[in-house]
Amino acid sequence: DQQVKQNSPSLSVQEGRISILNCDYTNSMFDYFLWYKKYPAEGPTFLISISSIKDKNEDGRFTVFLNKSAKHLSLHIVPSQPGDSAVYFCAAKWDFGNEKLTFGTGTRLTIIP
Amino acid sequence: NAGVTQTPKFRVLKTGQSMTLLCAQDMNHEYMYWYRQDPGMGLRLIHYSVGEGTTAKGEVPDGYNVSRLKKQNFLLGLESAAPSQTSVYFCASSQTHSTGTDTQYFGPGTRLTVL
């Protein structure tokens, strides 16, 4: 049973436009969410996170939005750049001394120059 | 500061062979993890450790064993490899859960093929 879902395996966006990556979760115990970025032949690297007490967190060109009632979060990248082409994983955990992350299946983002 | 390193980077095994994957971190992190990544499946947790001398099962532990004899090292063993264990294996580490916001740092991965 996939508790964290990324229903779009791939996404193509024109350079300079906004990229929106979506993630849904089913486990209401999750209260902390993260996005990781992965380039080919490398390990994932942390991008941005959000606690369930917030509905938005911003870091430069990256913003994560959380809608707890819908169990949905999204990552916005504005403006999109060629270096943003990568696979993006959504991950979730519950924060009671539990460091285990549950990952989604990933979305491959391609930025078209 | 190398972060998280994994050895080897690639390996091909025959069914029934054994091998050990080594993960090392130089960040003095308490927690270490082993994941596998398969197409369409994301990353799935195999085993993890919350400190030297401790190990615990993750989501998909069958067919694997682990050891954490030293704080900086986390070993993943396959006693009798099967084709279903063909995957890319990632090691990760993180600090303690005191704040609950510590992220995990990943190694570059080991691509394992079992024939």
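Structure shown above.
An account of the accompanying structure is given in this report. (Residues numbered from 1 in each chain as written. Chains lettered and ligands numbered in written order. Predicted model: local features only at pLDDT ≥ 70, side-chain atom pairs only at ≥ 80, totals over all residues. Heavy atoms only, no water.)

### Some words on the overall build of chain A
Regarding its fold elements, chain A presents 0 helices and 11 strands. For chain A, buried positions account for 47% of its 113 residues. Nonlocal contacts in chain A, meaning residues at least 24 apart in sequence, comprise 55% of its contacts between residues at least 6 apart. Split by element, the accessible area of chain A, about 5,400 Å² in all, is 50% carbon and sulfur. (Helix = DSSP H or I, 4+ residues; strand = E, 2+ residues; numbered from the N terminus. Buried < 20%, exposed > 50% of the residue type's maximum accessible area, 1.4 Å probe, protein only. Contact = heavy atoms within 4.5 Å. Areas by Shrake-Rupley, 256 points an atom, 1.4 Å probe, with all protein chains shown as cover.)

### Details of the sheet that holds strand β3 (residues 19-25) of chain B
All names here are of chain B. Spatially, 4 strands are ordered β1-β3-β8-β7 in an open sheet, and the strand pairing comes out antiparallel. Looking at strand neighbours, the two that pair on one side only are β1 (4-7) and β7 (65-67), the edges of this open sheet. Averaged over all adjacent pairs, the angle separating strand axes in this sheet is 20°, with direction ignored. Where β1 lies against β3, 4 bridges are found, and the strand directions are antiparallel. (Pairing = 2+ DSSP bridges. Axes fitted to C-alpha atoms, helices over the stretch in contact; angles between N-to-C directions.)

### A short note on the interface of chain A and chain B
Taken together, the contact pairs 19 residues of chain A with 22 residues of chain B. Carbon and sulfur atoms make up 59% of the surface buried where chain A meets chain B, a total of about 1,600 Å² over both sides. The largest share of the area that chain A buries against chain B comes from A:E99, A:K100 and A:F103, three residues that together contribute 34% of it. For the pair chain A and chain B, the interface holds 2 residue pairs in polar contact (both at pLDDT 80 or more). When residues of the side of chain A that touches chain B are traced back to their parent elements, those giving at least two are β4 (32-38) and β9 (86-93) of chain A. (Buried area = accessible area lost by both parts, 1.4 Å probe. Polar contact = N/O pair within 3.5 Å; in protein donor to acceptor, adjacent residues only side chain to side chain.)

### Notes on the nonpolar core
Residue and element names in this part refer to chain A. F33, W35, L73, L75 and Y88 are the most contacted members of the largest nonpolar core, which totals 23 residues. Listed by contribution, the elements that provide at least two residues to this core are β3 (19-25), β4, β5 (45-51), β7 (62-67), β8 (72-77), β9 and β11 (107-112). In terms of residue count, β9 provides more of this core than any other element does, 4 residues in total. (Core = buried A, V, L, I, M, F, W, Y, C linked by side-chain atoms within 4.5 Å.)

### A short note on the pairing of strand β5 (residues 42-49) of chain B
The two faces of the sheet receive side chains in turn, since in a regular strand these alternate between them. Residue and element names in this part refer to chain B. Judged by how many residues are buried, β5 sits mostly within the fold: 8 of 8 residues are covered. Pairing of strand β4 (residues 31-38) with β5, which is carried by 7 bridges, proceeds in the antiparallel orientation. Considered in β5, the bridge of R36 is made with R44. If you look at the hairpin formed by β4 and β5, you'll find 3 residues sitting between the two strands, and G40 has a positive phi there, around 75°. Direction of pairing for β5 relative to strand β6 (residues 56-57): antiparallel, over a ladder of 2 bridges. Considered in β6, the bridge of H47 is made with K57.

### Focus on the pairing of strand β9 (residues 87-94) of chain B
Residues and elements named next belong to chain B. Buried residues dominate β9, accounting for 8 of its 8 residues. Neither face of β9 is left uncovered, since the one carrying S87, Y89, C91 and S93 and the one carrying V88, F90, A92 and S94 both have all their residues buried. Pairing geometry for β4 and β9, over 7 bridges, is antiparallel. Residue pairing across strands places Y35 opposite F90, the latter belonging to β9. Bridge count between β9 and strand β11 (residues 110-114): 3 bridges; the pairing is antiparallel. Bridging from a neighbouring strand, V88 pairs with R111 of β11. Relative to strand β10 (residues 105-106), β9 runs antiparallel, the two being bridged by 2 bridges. Bridging across to β10, A92 finds its partner in F106.

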